[in-house]
Amino acid sequence: DEETKEKFIPHVIEPSLGVDRLILALICSAYAEDEVNGEKRNYLSFHPSIAPVKVSVLPLVKNKEPLVKAARELFDKLQMRWNVQWDQTGAIGRRYRRADEIGVPFCVTVDFETIEDDGAVTIRDRDTTEQVRIPMDEVVTYLSKMIDGY
């Protein structure tokens, strides 16, 4: 103010807070880019507890009935607890990328070893792209620890 010689720093307080602004802030903060094996990838790095879809179940191939049946049983079991996605179209790498793009933190792949040998599935972490083999009866326990923290 020129008359009183006081300094005044203008500021604006945004009083409105809506769901749309909150969601936009979450999506903007979760957006990430990195390079895996020389390929650039874009993905949403939601914390597992707030990811809209927690797990994607991926049978390795869609035309082998025992494999699809085992994957569907696991899908039904996981769907009782979390939002789960089913994807059986395209190459497994493309399915991983599609799941990464929408922010799915874990992909569970049911492969031939699952039905023929050890009964274990492969769980892939979105952020590190590391894969671990877990027995099928321990999948819910493992994912519960990773998603819910207990």
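Residues numbered from 1 in each chain as written. Predicted model: local features only at pLDDT ≥ 70, side-chain atom pairs only at ≥ 80, totals over all residues. Heavy atoms only, no water.

Before going further, it helps to spend a moment on the environment of Ala-70. Topologically, Ala-70 is positioned in helix H2 (residues 65-79). The contact partners of Ala-70, leaving out residues within four places of it in the chain, are Val-110, Ile-115 and Met-136. (Helix = DSSP H or I, 4+ residues; strand = E, 2+ residues; numbered from the N terminus. Contact = heavy atoms within 4.5 Å.)

It is worth spelling out the pairing of strand S7 (residues 131-135) at this point. Summarising the sheet, strand S6 (residues 120-125) and S7 pair through five bridges and their orientation is antiparallel. Across the sheet, residue Ala-120 finds its bridge partner in S7, namely Pro-135. Count of turn residues in the S6/S7 antiparallel hairpin: five residues, of which Thr-129 carries a positive phi of about 60 degrees. (Pairing = 2+ DSSP bridges.)

Alignment of strand S1 (residues 31-36) against strand S2 (residues 39-44), held across six bridges, turns out to be antiparallel. Paired with Ala-32 across the bridge in S2 is Tyr-43. Once S1 ends, the chain turns through two residues before running back antiparallel as S2, passing Asn-37 with a positive phi of about 55 degrees.

The next point concerns the pattern of salt bridges. Inspection of every chain in the model, using the stated rule, returns nine salt bridges. With a closest N to O distance of 2.8 Å, Arg-41 and Asp-34 form a salt bridge. Overall, Asp-34 belongs to the partly exposed group, its relative accessible area being 24%. The closest approach of N and O atoms between Asp-111 and Arg-133, which form a salt bridge, is 2.9 Å. On the criterion of sequence distance, the pair formed by Asp-111 in the loop between strand S5 (106-110) and helix H4 (112-116) and Arg-133 in strand S7 is long-range, its members being 22 residues apart. Because the salt bridges share partners, they merge into one network encompassing Asp-34, Arg-41, Asp-100 and Arg-124. (Salt bridge = Lys/Arg side-chain N within 4 Å of Asp/Glu carboxyl O. Buried < 20%, exposed > 50% of the residue type's maximum accessible area, 1.4 Å probe, protein only.)

Another point: the environment of Val-61. Among the secondary structure elements, Val-61 is positioned in the loop between strand S3 (55-59) and H2. The partly exposed category is assigned to Val-61, whose relative accessible area is 25%. Val-61 sits 51 residues away from Phe-112 along the chain, and the two C-alpha atoms are 9.1 Å apart. Aside from chain neighbours lying at most four places away, what touches Val-61 is Leu-67, Val-68 and Phe-112.

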